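Coordinate inspection notes
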Amino acid sequence: MYTERVAPMTKNKRPMTILVTGGCGFIGSNFVRFMLEAYPQYSIVNLDKLTYAGNLENLEDIEGNPSYQFVKGDICDRSLVGSIVRERKVNAIVNVAAESHVDRSILGPDIFVETNVGGTNVLLDVARECMIERFVQISTDEVYGSLGSTGAFAETTPLHPNSPYAASKASADLLALAYHHTFGLPVVITRCSNNYGPHQFPEKLIPLMIARALENKEVPVYGDGQNVRDWLYVGDHCRAIDLVLHKGKAGNVYNIGGNNEWKNIDIVRLVLKKLDKPESLITFVKDRPGHDRRYAIDASKISRELGWQPSISFDDGIAQTLSWYLAHESWWRRIISGEYQHYYRNMYEER
Ligand code: NAD
Ligand code: TYD
């Protein structure tokens, strides 16, 4: 059982070892790079299964960094997670790994339950057994369900997940809170809105629209295009995770939002305009089943308690994102063609 002897993370200027799961995905790779730059004295271990969404090329530039280690493996593999945490003397876990795409969860929910619920439980249990100092669970605003035209999700909003993806994330949140309540595990949960930025897999709205538009292909908008999302630049999200990791209060949830609501159709029009592509590429397609109408985040708690605010304006964020996708055309083309998967098959098959 945990006691107060566990040192608050704020006192940590000492070298620490942080296990980041899912570090080869979109948010994970941005977060690993952010941490290596911000804390050169820390060691970062990245445990990633390299699913379709995990791409080693996302962290190619830091492969030789002595403070960074990659382990190919599954968060559901208890003995692997246990040996990593014990042998590498992990102080904190940031669980970014997940099946993350709502549409895929509608096609096949099983893997969402396996990874997002079962995998999180394995990590929590090992963390408890090894008396880990901090466990950060990266969650989503989708656990709160859907809003009407007004209001915003607060941390106290009841959970009402609507998609299998959101339900699996809500289940993981509840497990994490239960580990805090029952065992005293120092868990903190972050619930953020829709991220955008470099390295996002081109199945999510913004990178999909960019890739399709650059190929002069139709861009599919679900339903009437009036669904609203709040958009958060991934770099701002990484800063928030860092603050929650070091200063968040155990057992607490922190909402993270960009204060930046957009209707889908307006985002698509903006992307097309910036790429100098015609609106005639827009194609309205059959709506996603159970499509949540609107998300909006009240992020006043993290602002008040930890001093976090989003710092990148949407104008700048979208400009940086577009330039990244324009400059890394081979990255997304290799993904679309499936070619990138050969890269890590070649690299890791024999290991
Ligand atoms: P992503 O799909 O880009 O990356 C997920 C990563 O997890 C991949 O590298 C994948 O290989 C890895 N992974 C999947 N299953 C694994 C397993 N069983 N074991 C080890 N690794 C595994 O996802 P993302 O968009 O970077 O999202 C990261 C986290 O943030 C997720 O927990 C997601 O729920 C949450 N989130 C994302 C957004 C968003 O807008 N992208 C918004 C809110 C919350
Ligand atoms: P997405 O990026 O999948 O994130 P989430 O569903 O987790 O919010 O989708 C963002 C919004 O864009 C969502 O309302 C669904 C919509 N959408 C489209 O209209 N067309 C598309 O091709 C995709 C992928 C999403």
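In what follows, the accompanying structure is described.

**Concerning helix H7 (residues 234–247)**
Counted at 1.5 Å a residue, the expected span for H7 with its 14 residues is 20 Å, and the 20 Å between its end C-alpha atoms agrees. Of all 14 residues in H7, eleven are buried; the element is thus mostly enclosed. When H7 is considered as a whole, its buried residues turn out to be Val234, Asp236, His237, Cys238, Ala240, Ile241, Asp242, Leu243, Val244, Leu245 and His246.

**Describing unusual backbone geometry**
A positive phi is found at Met131, a non-glycine position, where the angle reads about 55 degrees. The backbone of His199 sits at a positive phi, close to 75 degrees, despite the residue not being glycine. Within the secondary structure, His199 sits in the loop between strand S7 (194–196) and helix H6 (205–214). A residue is classified by how much of its surface remains accessible, and His199, at 10% relative accessible area, is buried.

**A closer look at the site of ligand 2**
Around ligand 2 lies a shell of 18 residues, among which Glu142, Arg229, Asn264, Arg288 and His291 are the nearest. Tyr222 places a main-chain nitrogen or oxygen 2.8 Å from an oxygen atom of ligand 2. In this structure, an oxygen atom belonging to ligand 2 sits 2.5 Å away from a side-chain N or O atom of Arg288. Relative to its free-state accessible area of 510 Å², ligand 2 is covered by the protein chains to the extent of 96%. Secondary-structure elements contributing two or more residues to the shell around ligand 2 are H6 and strand S8 (219–222).

**A look at the environment of Val285**
The residue Val285 is located in strand S12 (residues 282–285) in this model. For the pair Val285 and Lys204, spaced 81 residues apart in sequence, the C-alpha to C-alpha distance is 16 Å. The residues touching Val285, leaving out its near neighbours within four places in the chain, are Pro220, Val221, Tyr222 and Gly223.

**Focus: the packing of helix H4 (residues 110–129) against helix H5 (residues 164–183)**
The interhelical angle for the contact between H4 and H5, taken along N-to-C directions, is 15 degrees, at an axis separation of 8 Å. One element, H4, and the other, H5, form an angle in the roughly parallel class. You can see that H4 and H5 cross each other, and the crossing is right-handed. When H4 is examined against H5, the residues Phe112, Asn116, Val117, Thr120, Asn121, Leu124, Asp125 and Arg128 are found in contact with a partner set consisting of Tyr165, Ser168, Lys169, Ser171, Ala172, Leu175, Ala176, Tyr179 and Phe183. Tallied by class, residues from the contact of H4 with H5 come to nine nonpolar, five polar and three charged.

**Quick notes on the site of ligand 1**
Lining the immediate environment of ligand 1, one finds 30 residues, of which Ile27, Asp48, Ser100, Tyr165 and Lys169 sit closest. Within the side chain of Thr115, one N or O atom sits 3.3 Å away from a nitrogen atom of ligand 1. When ligand 1 is considered free in solution it has 840 Å² of accessible area, and contact with the protein chains removes 97% of it. At the level of elements, helix H1 (26–38), strand S5 (134–140), H5 and S7 are the ones that each hand at least two residues to the shell around ligand 1. A total of three residues in the shell around ligand 1 trace back to one element, the largest contributor, which is S5. Looking at the shell around ligand 1, its residues break down into twelve nonpolar, 13 polar and five charged.

Criteria and thresholds
- Sequence order sets the numbering: in each chain, residues are counted from 1 along the sequence as written.
- The order in which chains are written sets their letters, starting at A; the order in which ligands are written sets their numbers, starting at 1.
- At least 70 in pLDDT is required for a residue's local features to be given in this predicted model, at least 80 for side-chain atom pairs to be given and counted, and no such filter applies to totals for whole chains, interfaces and linings, which use all residues.
- Values shown for side chains rest on all heavy atoms present in the structure; no hydrogens or waters enter the calculation.
- Here a helix means four or more residues in a row that DSSP labels H or I, a strand means two or more in a row labelled E, and each is numbered from the N terminus.
- Here the expected length of a helix is defined as 1.5 Å per residue gap, with one fewer gap than residues.
- Burial classification: accessible surface area is computed with a 1.4 Å probe over protein chains only, and a residue below 20% of its type maximum counts as buried, one above 50% as exposed, and the rest as partly exposed.
- If a single non-hydrogen atom of a residue is within 4 Å of a molecule or strand, that residue counts as near it.
- Here a polar contact means two N or O atoms within 3.5 Å. Within protein one must be a hydrogen donor candidate and the other an acceptor candidate, and residues neighboring in sequence count only if both atoms are side-chain atoms.
- Each accessible area is a Shrake-Rupley result for a 1.4 Å probe, and residues are judged covered by the shown protein chains and nothing else.
- We call two residues in contact whenever any of their non-hydrogen atoms come within 4.5 Å of each other.
- Interaxial angle, 0 to 180 degrees, is taken between N-to-C directions of lines fitted to C-alpha atoms, where a helix line uses only the stretch in contact.
- Throughout, the term roughly parallel applies to angles under 35 degrees, roughly antiparallel to angles over 145, roughly perpendicular to angles from 65 to 115, and oblique to all others.
- Two helices cross in a left-handed way if the nearer one is turned anticlockwise from the farther one by less than a right angle. They cross in a right-handed way if the turn is clockwise.
- Gly counts as polar in this scheme, as do all residues outside two lists: the nonpolar Ala, Val, Leu, Ile, Met, Phe, Trp, Tyr, Cys and Pro, and the charged Asp, Glu, Lys and Arg.

Distances and angles like these do not, on their own, reveal function.
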